[in-house]
Amino acid sequence: MNNLKKWKILKSKMVLDNPWCQVRQDEIELSNGKIIDDYFVSIKPDVAMVLPINSNKEIIFVRQYRHAVGEFFLELPAGNFDPTKESAEVAAIRELREETGYIPQEFSKIGTLYDKPSKDTNKIHLFLAENVSKVGEQQLDITEEIEVVLIPVESVLDKIAQGEISVAGTIAALFLGLKFITSQ
């Protein structure tokens, strides 16, 4: 029934191995027998992302500058993590606390997505954090300058439609999470 076949890796080498960016070059044989000698893969760490909502039914977003495209974006709190050092859940709670100063009373996993599986290796682990409350100040990394923005749940779909929220992982998390939020 399924005649699809995986590509065969003939050779593989790291062409960029930097703490900020890793790129692997593969020589692959396609299922039709053709050889591609320069298929590049970005080796990226997994991401823990949180959809935090407070008791007033407001979602806690972060607005931050994204240098690759030179723009500011409204996103859900998230960050990279090493699964050999901490779980996705621990990383998600840590990122929420560091980026926003909030912690959850209730916390649950809502899904795992692949970011861009054609060229990237990472997954996005999505969590719903309910009844979050502010317990302190942000604890930002050197590359982070983040504004915390609270948006009522009922306004989120309009903000997506208007392009105010436009990052794919955030939108996916919102659509998955809104199912849980609106069913309560």
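Numbering of residues starts from 1 in each chain and follows the order in which that chain's sequence is written. pLDDT decides what is reported in this predicted model: residues at 70 or higher carry local features, side-chain atom pairs at 80 or more are listed and counted, and totals for whole chains, interfaces and linings draw on all residues regardless. The basis for the side-chain values is all heavy atoms of the structure; hydrogens and waters are excluded.

S.K.: Looking at this model, I keep getting lost on the pairing of strand β1 (residues 8-18). Mind explaining?
M.R.: In summary, the side chains of a regular strand alternate between the two faces of the sheet. In the sheet, β1 pairs with strand β2 (residues 21-29) via nine bridges, with the strands oriented antiparallel. The residue of β2 that forms the bridge with D17 is Q22. Being paired, for any two strands, means DSSP has found at least two bridges between them. Strands here mean DSSP runs of E at least two residues long; helices mean DSSP runs of H or I at least four residues long; both are numbered from the N terminus. As consecutive antiparallel partners, β1 and β2 are separated by two residues.

S.K.: Can you walk me through the environment of F40 in this structure?
M.R.: Topologically, F40 is positioned in strand β3 (residues 35-43). Between the C-alpha atom of F40 and that of E98, which follows or precedes it by 58 residues, the distance is 33 Å. Any two residues whose heavy atoms approach within 4.5 Å at even a single point are treated as in contact. Filtering out sequence-adjacent residues up to four positions away, F40 remains in contact with V15, V23, R24, Q25 and K119.

S.K.: Would you explain the environment of N32 in this entry?
M.R.: The residue N32 is located in the loop between β2 and β3 in this model. Between the C-alpha atom of N32 and that of K5, which follows or precedes it by 27 residues, the distance is 9.2 Å. Any pair of N or O atoms that falls within 3.5 Å is considered a polar contact. Within protein, one atom must be able to donate a hydrogen and the other to accept it, and sequence-neighbouring residues count only if both atoms are side-chain atoms. From its side chain, N32 meets the backbone nitrogen of K34 in a polar contact 2.9 Å long.

S.K.: How should I be thinking about a nonpolar patch on the surface in this particular structure?
M.R.: Residues V15, L16 and F40 make up a contiguous nonpolar surface patch of roughly 230 Å² in combined accessible area. Structurally, V15 can be placed in strand β1. Burial classes follow relative accessibility: with a 1.4 Å probe on protein chains only, a residue under 20% of its type's maximum area counts as buried, one over 50% as exposed, and anything between as partly exposed. Judged by relative accessible area, V15 falls into the partly exposed class, the value being 39%. The residues that make up patches have over 30% relative accessible area and no salt bridge, and they are joined within 9 Å when like-charged or within 5 Å when they are Val, Leu, Ile, Met, Phe, Trp or Tyr. Here the open area of atoms and residues is found with the Shrake-Rupley method and a 1.4 Å probe, where only the protein chains shown may cover a residue. Whenever a carboxyl oxygen of Asp or Glu lies within 4 Å of a side-chain nitrogen of Lys or Arg, that contact is scored as a salt bridge.

S.K.: Would you mind going over the environment of K119 with me for this structure?
M.R.: Tracing the backbone through its elements, the reader meets K119 in the loop between β9 (106-114) and β10 (123-130). Counting along the chain gives 77 residues from K119 to S42, while the straight-line C-alpha distance between them is 6.0 Å. When neighbours within four sequence positions are excluded, K119 is seen to be in contact with Y39, F40, V41 and S42.

S.K.: Just to check I follow, could you spell out the packing of aromatic side chains for this structure?
M.R.: Working definition: an aromatic ring pair is given by the centre-to-centre distance plus the angle between the planes. Note on aromatic contacts: the rings of Phe and Tyr and the six-membered ring of Trp form a pair at centre separations within 6.5 Å, being stacked when their planes are under 30 degrees apart, edge-to-face when over 60 apart, and tilted otherwise. Within the structure shown, the criterion is met by three aromatic pairs. Ring centres 5.1 Å apart and planes at 15° place the aromatic pair F107 and F127 in the stacked group. Remark: F127 occurs in strand β10 and F107 occurs in strand β9; sequence separation between them is 20 residues. Only when the NZ of Lys or the CZ of Arg is both within 6 Å of the ring centre and within 35 degrees of the ring normal is a charge said to sit over the ring. In this structure, K119 is placed above the aromatic ring of Y39, and the distance from its NZ or CZ to the ring centre is 3.8 Å.

S.K.: What is the right way to look at the side chain of N122 in this model?
M.R.: The residue N122 is located in the loop between β9 and β10 in this model. According to the relative accessible area criterion, N122 is buried, its value standing at 2%. When neighbours within four sequence positions are excluded, N122 is seen to be in contact with K44, P45, D46, V47, Y114 and D115.

S.K.: Before we go on, may I ask you to explain the side chain of D120 in this structure?
M.R.: Inspection of the secondary structure assignment puts D120 in the loop between β9 and β10. Non-local contacts of D120, meaning those with residues more than four positions away in its chain, are made with S42, K44 and D115.

S.K.: Honestly, the UniProt feature "domain: Nudix hydrolase" (unreviewed entry) in the protein in this entry has me stumped. Any pointers?
M.R.: UniProt positions are given in the numbering used here, feature names are shortened, and annotations may be inferred rather than shown by experiment. Mapped onto the present numbering, the UniProt feature "domain: Nudix hydrolase" (unreviewed entry) falls on residues 43-173. From the first C-alpha to the last, residues 43-173 spans 22 Å; its make-up is 19% helix and 42% strand.

S.K.: Hey, could you run me through the sheet that holds β2 in this one?
M.R.: Two orientations exist for strands paired in a sheet by backbone hydrogen bonds: parallel and antiparallel. The strand order across the open sheet built from three strands is β1-β2-β3, with neighbouring strands paired in antiparallel fashion. Two strands lie at the open edges of the sheet, namely β1 and β3, each paired on one side alone. With strand direction ignored, the average angle separating the axes of adjacent strands in the sheet is 20°. Across seven bridges, β2 lies against β3 in antiparallel orientation. Bridging across to β3, Q25 finds its partner in F40. Here, axes are lines fitted to C-alpha atoms. For helices the fit covers the stretch in contact, and angles between N-to-C directions go from 0 to 180 degrees.

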